[in-house]
Amino acid sequence: MSEPLLKVTGLTAWYGRIQALYGLDFEVPEKGVVTLLGANGAGKTTTLRALCGMIQTGGDILLGGQPIGGMATEDIVRLGIAHVPEGRGTFTAMTVEENLQLGAMTRGDTRAIAEDIDRTYAYFPRLAERRSQQAGTLSGGEQQMLAISRALMLRPRLMLLDEPSFGLAPLIVEELFSILSDLKDKEGLAMLIVEQNAALALEIAEDAYLIETGRLVMSGPAQQIGSDENVRRAYLGY
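Residues numbered from 1 in each chain as written. Predicted model: local features only at pLDDT ≥ 70, side-chain atom pairs only at ≥ 80, totals over all residues. Heavy atoms only, no water.

## Details of the environment of Ala147
Step number 1: By the secondary structure assignment, Ala147 is in helix 6 (residues 140–152).
Step number 2: Judged by relative accessible area, which is 2%, Ala147 ranks as buried. (Helix = DSSP H or I, 4+ residues; strand = E, 2+ residues; numbered from the N terminus. Buried < 20%, exposed > 50% of the residue type's maximum accessible area, 1.4 Å probe, protein only.)

## Structural notes on the sheet that holds strand 1 (residues 6–15)
Step number 1: Ordered by their spatial adjacency, four strands build an open sheet running 2-1-4-5, and the pairing between neighbours is antiparallel. The strands lining the two open edges of the sheet, one partner per strand, are strand 2 (18–28) and strand 5 (66–67).
Step number 2: For strand 1 and strand 4 (residues 56–63), the ladder comprises seven bridges, and the chain directions are antiparallel. The partner of Thr12 across the bridge, within strand 4, is Gly58.
Step number 3: Packed onto the sheet, helix 1 (residues 44–51) meets strand 1, strand 2 and strand 4 and runs at close to 110° relative to strand 1. (Pairing = 2+ DSSP bridges. Contact = heavy atoms within 4.5 Å. Axes fitted to C-alpha atoms, helices over the stretch in contact; angles between N-to-C directions.)

## Concerning the layout of surface pockets
Step number 1: Size it by volume and the largest pocket reaches roughly 510 Å³.
Step number 2: Residue lining of the largest pocket: 20 residues in total, with Val77, His83, Leu102, Gly103 and Arg150 positioned closest to the centre.
Step number 3: When residues of the lining of the largest pocket are traced back to their parent elements, those giving at least two are helix 2 (73–78), strand 6 (81–84), helix 3 (96–103) and helix 6.
Step number 4: Taken together, the residues that form the lining of the largest pocket break down as 13 nonpolar, four polar and three charged. (1 Å grid on protein atoms, 1.4 Å probe; cavity = no way out; pocket = protein on both sides within 12 Å on 5 of 7 lines; lining within 4 Å. Points joined across faces, edges and corners; volume = space filled by probe spheres on them. Nonpolar A, V, L, I, M, F, W, Y, C, P; charged D, E, K, R; others polar.)

## Structural notes on the packing of helix 6 against helix 7 (residues 170–187)
Step number 1: Two elements in contact, helix 6 and helix 7, have axes separated by 10 Å at closest approach and are oriented at 15°. As far as their axial angle goes, helix 7 and helix 6 are roughly parallel. The crossing of helix 6 and helix 7 is right-handed. Mapping the contact onto sequence places Gly141, Gln144, Met145, Ile148 and Leu152 in helix 6 and Ile172, Glu175, Leu176, Leu180 and Leu183 in helix 7.
Step number 2: Looking at the contact of helix 6 with helix 7 residue by residue, the class counts come to seven nonpolar, two polar and one charged. (Parallel < 35°, antiparallel > 145°, perpendicular 65-115°, else oblique. Left-handed = near helix turned anticlockwise from the far one by under 90°.)

## Some details on the nonpolar core
Step number 1: By size, the foremost hydrophobic cluster in this structure holds 48 residues, and its most contacted members are Phe124, Leu127, Ile148, Met159, Leu161, Leu180 and Met191.
Step number 2: Top contributing element to this core by residue count: helix 7, with seven residues.
Step number 3: The contacts of Phe124, once residues within four sequence positions are left out, are Met145, Ile148, Ser149, Leu152, Leu176 and Ile179.
Step number 4: Grouped together as the second largest cluster of nonpolar side chains are 29 residues, Leu11, Leu48, Ile68 and Leu192 included. (Core = buried A, V, L, I, M, F, W, Y, C linked by side-chain atoms within 4.5 Å.)

## Some details on the side chain of Arg150
Step number 1: Mapped onto the fold, Arg150 is located in helix 6.
Step number 2: The side chain of Arg150 is buried and forms no salt bridge, while Glu98, the nearest opposite charge, is found at 11 Å.
Step number 3: Within the structure, Arg150 has its side chain in polar contact with the side chain of Asn99 (distance 3.3 Å). (Lys, Arg positive; Asp, Glu negative; His and termini not counted. Salt bridge = Lys/Arg side-chain N within 4 Å of Asp/Glu carboxyl O. Polar contact = N/O pair within 3.5 Å; in protein donor to acceptor, adjacent residues only side chain to side chain.)

## What to know about the sheet that holds strand 6
Step number 1: Read from one edge to the other, the open sheet built from six strands follows the order 6-7-8-3-9-10, with strand pairing classed as mixed. The open sheet has two edge strands with one neighbour each: strand 6 and strand 10 (215–221). Averaged over all adjacent pairs, the angle separating strand axes in this sheet is 15°, with direction ignored.
Step number 2: Pairing between strand 9 (residues 207–212) and strand 10: six bridges, direction antiparallel. The residue bridging Ala208 from the neighbouring strand is Gly220, located in strand 10.
Step number 3: Across the sheet, helix 1 touches strand 3 (33–37), strand 6, strand 7 (158–162), strand 8 (190–194) and strand 9, and the angle it forms with strand 7 is around 150°.
Step number 4: Its contacts with the sheet place helix 6 against strand 6 and strand 7, and it is angled at close to 170° to strand 6.

Pasting the structure below:
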């Protein structure tokens, strides 16, 4: 059995003196999609921040077998972890294309960057139509598409997505997750998805982990987690 792309063991995290995560163990396989489920405040966003080196952590975090715990965020980015935060985080005063170029700032291969911009436009045709438009004038759905596209410009080994459907209309959410599914199938992009819409997340993921108050309480194949009556009642609404 091949080694996972991301292997996390005993992950703890703090905000100052307040502990937020308590010994999480989870993995993301190469070219696999995993989802973290849990109520608001469970520690899902904190987990993504911990993986990016944005907060104080303990435990072991291995990316491709290499320890990355305690590394600076910019060094983790260079190793190929792209983070799409909740709230999109686009640079609103810059154009769509300038945002995409910024996503490739750690790369020096000019021709390949241009090719990747065209590739992201193929996935997100609306962005191609608005390439010269300021990001701040885009709709919420278009800004989310831009945030994902900018992360793709890193050519990441692993993409962390924090609530990608938040605040978006159902049709836009459906379109967005269809594109994420294409990225999984066609590009083999590994993803760790935090998503309040558990049904959507379980549909695209192979494995799922359920977090409550910073502790892991359940894990397994996404289909199995989704069929659990207690999970359905608490997180899927049926």
